[in-house]
Amino acid sequence: MIQKLTLAQIAQLVGGSVRGNASLELTGIAPLSKATATEIAWLSHPRFVSQLAASKAAAVLASPACDLSGTPAVLCPNIDKAIAQVIGAFAPPLPSPAQGIHTHASVDASAVIGQRVAIGPFVVVGQNATIGDESVLHPGVHVGDGSTIGANCRIWDNVVIREGCSIGNRVTIHPNTVVGADGFGYYFSDAQHNKIPHPGGVIIDDDVEIGACSCVDRSKTGHTRIGRGTKIDNLVQVAHNVEIGAGCLLCAQVGVAGSTRLGNHVVLGGQVGVRDNIVLNDAVMVAACSCVPQDVEAGARLAGIPATDSRQFIREKTSLKKLPELLTQIRELYKRVEKLEAATDDRPND
């Protein structure tokens, strides 16, 4: 059955105000260019108002500053938040195993399982592990001995959480991610690479989300740590003994090498590489495909390989675009200088 919400219900949901027919029923949300006659669209900025005439949308989410020429609307101050809330309202419920322990799951008798927990088929929960209230473990999840998962977590299919790891409350870990694998550490002796033990663990604080196929390695000593509210994209590598602060964003294919520390609210764009044993202080932002080789002061904006001040990087890249033209000019000047010198050499001495 298609979920329907009236314009008034959407306004109540997002804390906005209705303009137009409050009883107008809507069946979904979509961008302006793709919305149908029964869907609500959004205007993320007043500059997009000109696109409204070509849209089939029945209504729009917009800021009070937009001139909507009579289009039914919900006016709200925070469009991004409103979009997320409305998408969530129309979305179907997430798939989930039934509450309880599936008959094909293996849960050790010493494990502590909270209330209203859902444990799917082929899940393994090891000795002395703890699963908090209302958490969901999808099929194939492995929770190692002594590991702890907090309340209201959702651990998706085939996630591995190895022994001695601690997961906070309201944490989401997407399919095929590994938490607590050995770090990449070796010493060279006797003509070979010899493994350094990694008996430490991983601590993931509350409200963290980790994307699919990412890895957070366990530490040599102490713990690798992911701070509260940090969001990690797919295919990200967090190495042993790394410490990531609160509210950070790590985009796809980021790699953070061992024992590096990120402050709070650090943002790393896609495919950023960060070397080992350095510190990126609070609110640092690094552009995609950059490489950070040394400590970075708080609030810095970096880009490039090696990463440097983003404004300097843009100036350098802009100058490089002019390089062929500059080389042509230099060659022409060189020829003119040669001609002038030749002419001077041909003059009789005074």
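Structural data are supplied above this passage.
So, a few notes on the structure that sits alongside this text. Treat the numbers as computed from the prediction; the structure is a model and nothing was measured. (Residues numbered from 1 in each chain as written. Predicted model: local features only at pLDDT ≥ 70, side-chain atom pairs only at ≥ 80, totals over all residues. Heavy atoms only, no water.)

1. Focus on the sheet that holds strand β27 (residues 223–226)
Strand pairing in a sheet is mediated by backbone hydrogen bonds. Such pairs are either parallel or antiparallel. With respect to topology, nine strands assemble into an open sheet ordered β10-β13-β16-β19-β24-β27-β30-β33-β36, the strand pairing being parallel. With one partner strand each, in any of the chains shown, β10 (112–113) and β36 (279–280) form the two edges of the open sheet. Of the pairings in the sheet, the one linking strand β30 (residues 243–244) to strand β33 (residues 261–262) comprises two bridges and is parallel in character. Across the sheet, the residue bridging to E243 is R261, located in β33. (Pairing = 2+ DSSP bridges. Helix = DSSP H or I, 4+ residues; strand = E, 2+ residues; numbered from the N terminus.)

2. Considering the sheet that holds strand β40 (residues 308–309)
Read from one edge to the other, the open sheet built from 12 strands follows the order β8-β11-β14-β17-β20-β25-β28-β31-β34-β37-β39-β40, with strand pairing classed as mixed. Strands with a single pairing partner mark the edges of an open sheet, and in this sheet they are β8 (100–101) and β40. By the bridge criterion, two bridges tie strand β11 (residues 118–119) to strand β14 (residues 136–137) in an arrangement that is parallel. Residue pairing for β14: A118 is matched across the bridge by V136.

3. Some remarks on the state of the cysteines
Inspection of every chain in the model, using the stated rule, returns zero disulfides. Here C213 is not disulfide-linked; the sulfur of C215 is the nearest cysteine sulfur, at 8.3 Å. Given a relative accessible area of 36%, C213 falls into the partly exposed group. (Disulfide = S-S within 2.5 Å. Buried < 20%, exposed > 50% of the residue type's maximum accessible area, 1.4 Å probe, protein only.)

4. Thoughts on the side chain of E39
Structurally, the position occupied by E39 is in strand β5 (residues 39–42). Within the buried set, E39 has no salt-bridge partner at all; the shortest N-O distance to an opposite charge, 10 Å, is to K56. At a separation of 2.9 Å, a polar atom in the side chain of E39 contacts the main-chain amide nitrogen of T36. E39 has contacts with L26, T27, G28, I29, A30, K34, A57, A58 and A59, leaving out every residue within four places of it along the chain. (Lys, Arg positive; Asp, Glu negative; His and termini not counted. Salt bridge = Lys/Arg side-chain N within 4 Å of Asp/Glu carboxyl O. Polar contact = N/O pair within 3.5 Å; in protein donor to acceptor, adjacent residues only side chain to side chain. Contact = heavy atoms within 4.5 Å.)

5. Structural notes on a nonpolar patch on the surface
Together, L320, L323, L326, L327 and I330 line one region of the surface with nonpolar side chains, adding up to about 440 Å² of accessible area. In terms of residue count, helix α4 (residues 323–346) provides more of the nonpolar patch than any other element does, four residues in total. Summarising the element assignment, L326 is placed in helix α4. Overall, the relative accessible area of 41% leaves L326 in the partly exposed class. (Patch = residues over 30% accessible without salt bridge, like charges linked within 9 Å, V, L, I, M, F, W, Y side chains within 5 Å. Areas by Shrake-Rupley, 256 points an atom, 1.4 Å probe, with all protein chains shown as cover.)

6. Observations concerning the packing of aromatic side chains
All told, the structure shown has one aromatic pair when counted by the stated rule. Both rings, one in F184 and one in Y186, keep their centres 5.2 Å apart while their planes meet at 70°; by these two values the pair is edge-to-face. The class of Y186 is partly exposed, set by a relative accessible area of 40%. (Phe/Tyr/Trp six-rings, centres within 6.5 Å; stacked < 30°, edge-to-face > 60°.)

7. So, helix α2 (residues 79–90)
For α2, with 12 residues, the first-to-last C-alpha span of 17 Å sits near the 16 Å given by 1.5 Å per residue. For α2, the complete set of buried residues consists of I79, A82, I83, V86 and F90. Projection of α2 onto a plane perpendicular to its axis shows the buried side chains occupying an angular sector of 100°, all on one side. Tucked inside the fold, the buried residues of α2 contact β1 (5–6), α1 (7–14), β3 (25–26), β4 (28–29), β5 and β6 (59–62). (Expected span 1.5 Å × (residues − 1). Arc of directions from axis to C-beta.)

8. Side note on the nonpolar core
Ranked by size, the top nonpolar core spans 51 residues in total, and within it L250, L268, L280 and V292 carry the most contacts. Beyond its immediate sequence surroundings of up to four residues, L268 is in contact with L249, L250, C251, V254, V256, L262, V274, L280 and V286. In terms of nonpolar packing, the next biggest core, distinct from the first, is built from 18 residues, A11, L26, V74 and V86 among them. (Core = buried A, V, L, I, M, F, W, Y, C linked by side-chain atoms within 4.5 Å.)

9. Points about helix α3 (residues 310–321)
Here α3 contains 12 residues, and its C-alpha end-to-end distance of 17 Å stays within 8% of the 16 Å for a straight helix at 1.5 Å per residue. At the N-terminal end of α3, a side-chain oxygen is found 3.1 Å from the backbone nitrogen of R311, two or three residues along, and the residue is D309.

10. Re the side chain of H198
Topologically, H198 is positioned in the loop between β23 (192–195) and β24 (201–204). Classification of H198 by relative accessible area gives buried; the value is 6%. Within the local environment of H198, its side chain forms a polar contact with the backbone oxygen of I196, the two atoms lying 2.8 Å apart. Ignoring sequence-local partners within four residues, the contact set of H198 consists of D182, G183, F184, G185, R218, S219, K220 and H240.

11. Quick look at the pairing of β24
What you see with β24 is no split at all: G201 and I203 on one side and V202 and I204 on the other are buried throughout. Pairing of strand β19 (residues 166–167) with β24, which is carried by two bridges, proceeds in the parallel orientation. What sits directly across from I167, in β24, is I204. Where β24 meets β27, four bridges bridge the pair, whose relative direction is parallel. Within the sheet, the bridge partner assigned to I204 lies in β27 and is I226.

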